[in-house]
Amino acid sequence: TGVRSTSIVFNTPTPVDPYALFCAEDKNGCHLEVYPRASSEVYMCGIGGSRYLDNDALKAIAPEEVTPDPKRVAAAKASFGALSSLGAGDPDIAQACMRPCPPDGLPYLGRLPSATNAFIAAGHNCWGILWAPVTGLAMSELLLDGAPACVDFRPFDPARFSKSSKGARGRRQGAAPVGEQW
């Protein structure tokens, strides 16, 4: 599954202090996350209106159809304009993306089932920045020591949505085969 979200970018005349800003939800339905970049851009997400897509919807959407929601762009512009004079004009970039998000909202962390020496750390949704340090530590513990000591990986087991028979190639989600089968 995935999440389709809109984000915006403002170009600034001078660099902005490199401090991220995380806002509570406001009257526009935004809970802005503001990330100044060294390139004198200010990137914003958390503008609301994200749409969750199941696997069938993900397969049906073409990349060029992943476009920003104009209503959410306007809401983010209004929210940022209330916080900073940098938001007085229109955003320089309005864009959309698909974010990886497993059905239960938890990332996949650990060994891949039915494979030897294959590991995964993915599907963090929008929390990759926050989860990166502990994910890196836990995965290094798994690789070097055989098991993570800093976090219990059971809730994040990559096999939690699949039922595969020993030695089988491909995988299943419930009873349905998904991915390549060989």
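The structure presented is a predicted model; accordingly, all values stated were derived computationally and were not measured. (Residues numbered from 1 in each chain as written. Predicted model: local features only at pLDDT ≥ 70, side-chain atom pairs only at ≥ 80, totals over all residues. Heavy atoms only, no water.)

Caption draft 1: How the structure looks around the environment of P68. Topologically, P68 is positioned in the loop between α1 (55-60) and α2 (70-83). The exposure class assigned to P68 is partly exposed, which follows from its relative accessible area of 27%. Distance from P68 to A94, taken between C-alpha atoms, is 6.2 Å for residues 26 residues apart in sequence. If sequence neighbours within four positions are ignored, P68 has contacts with T6, V73, A94, Q95 and A96. (Helix = DSSP H or I, 4+ residues; strand = E, 2+ residues; numbered from the N terminus. Buried < 20%, exposed > 50% of the residue type's maximum accessible area, 1.4 Å probe, protein only. Contact = heavy atoms within 4.5 Å.)

Caption draft 2: Geometry of the side chain of E41. Its location among the elements puts E41 in strand β4 (residues 41-45). Judged by relative accessible area, E41 falls into the buried class, the value being 18%. Side chain to side chain, E41 and S39 meet in a polar contact 3.1 Å long. In contact with E41, not counting residues within four places along its chain, are V9, F10, N11, T12, Y35, P36 and I93. (Polar contact = N/O pair within 3.5 Å; in protein donor to acceptor, adjacent residues only side chain to side chain.)

Caption draft 3: Spotlight on unusual backbone geometry. Even without being glycine, S40 reaches a positive phi, approximately 70°. By the secondary structure assignment, S40 is in the loop between β3 (33-36) and β4. Judged by relative accessible area, S40 falls into the buried class, the value being 14%. Residues other than glycine seldom take positive phi values, yet N117 does so here, at roughly 55°.

Caption draft 4: Representation of the side chain of S7. Among the secondary structure elements, S7 is positioned in strand β1 (residues 2-11). When residues no more than four places from it in sequence are discounted, the contact partners of S7 are Y43, M44, C45, I47, I93, A94 and Q95.

Caption draft 5: Expanded view of the pattern of salt bridges. Applying the stated rule across the entire model yields three salt bridges. Of the charged contacts in the structure, one is a salt bridge between R37 and E41, with a shortest N-O distance of 3.2 Å. Accessibility expressed as a relative area gives 35% for R37, which makes it partly exposed. Here R154 ties to D152 by a salt bridge, and the two come within 2.7 Å at their closest N and O atoms. Residue classification places D152 among the partly exposed positions, given a relative accessible area of 39%. (Salt bridge = Lys/Arg side-chain N within 4 Å of Asp/Glu carboxyl O.)

Caption draft 6: Up close: the pairing of β3. Both faces of β3 are covered, namely the face carrying E33 and Y35 and the face carrying V34 and P36. Where strand β2 (residues 21-22) lies against β3, two bridges are found, and the strand directions are antiparallel. Residue pairing in the sheet places L21 in a bridge with V34 of β3. Where β3 lies against β4, four bridges are found, and the strand directions are antiparallel. Bridge pairing links Y35 to Y43 in β4. (Pairing = 2+ DSSP bridges.)

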